[in-house]
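One letter stands for each residue in the lines below.
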Amino acid sequence: MIAAPRSIGNSRDRQLLRLSWQDGSEQHIGHVQLRQLCPCSQCRAFRLRGMKPMVADSIRLLEVHAQGYGLQLVFSDGHQRGIYPWAYLAQLGAERTGNRPDTPRQVRCHS
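Rules of the game
- Position numbers for residues start from 1 in each chain and track the written sequence from start to end.
- Residue-level local features of this predicted model are given only where pLDDT is at least 70; pairs of side-chain atoms are given and counted only at 80 or more, and the full residue set underlies all totals for whole chains, interfaces and linings.
- Working from all heavy atoms in the structure, the side-chain values ignore hydrogens and water.
- A pair of strands is labelled paired if DSSP reports no fewer than 2 bridges between them.
- To qualify as a helix, a DSSP run of H or I must reach at least 4 residues; to qualify as a strand, a run of E must reach at least 2; elements of each kind are numbered from the N terminus.
- Axes here refer to lines fitted to C-alpha atoms; in helices the fit is confined to the stretch in contact. Angles between the N-to-C directions go from 0 to 180 degrees.
- A 3.5 Å cut-off defines polar contacts: any pair of N or O atoms within that distance qualifies, except that in protein one atom must be a possible hydrogen donor and the other a possible acceptor, and neighbouring residues in sequence count only when both atoms are side-chain atoms.

J.: So what exactly am I meant to see when it comes to the sheet that holds strand β7 (residues 83-85) here?
T.: The pairing of strands in a sheet happens through backbone hydrogen bonds and is either parallel or antiparallel. Read from one edge of the open sheet, three strands run β5-β6-β7, paired in antiparallel fashion. In this open sheet, the two edge strands, each paired with only one partner strand, are β5 (61-66) and β7. Geometrically, the sheet is characterised by an average inter-axis angle of 30° between neighbouring strands, direction not taken into account. Here β5 pairs with strand β6 (residues 70-75) via five bridges, running antiparallel. Paired with Ala66 across the bridge in β6 is Leu71.

Printed below as a string of structure tokens:
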């Protein structure tokens, strides 16, 4: 189990969530990526079918709420269903550096 970060920051202007982990490392995850990879059941179902939620490049993370085992994120498109566990967030940083050749179809995931 991954412990909560020491600190969490959100830059709306730069569209980045910053996580400072207990081991001293710092991670930056883009708002668009966070929204596209929302762990809620609806967004996860789209990805399991090979689709990807359509997310505008202008999406912003408006609110960040700690929920004990992760974060609830509120986006500018109104979406706020998923809770992002700490381990999931830590994994996103690793995935961010990799390029995937297969690009899933995009679909609208409702708030």
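Let's pick the thread back up.
J.: Before we go on, may I ask you to explain the side chain of Gln27 in this structure?
T.: Relative to the helices and strands, Gln27 is located in strand β3 (residues 26-30). Here the side chain of Gln27 touches Trp21 through a polar contact of 2.8 Å, side chain to side chain. Of note is the side chain of Gln27, whose polar atom sits 2.8 Å from the backbone oxygen of Leu89.

In short, shape yes, function no, at least from these values alone.
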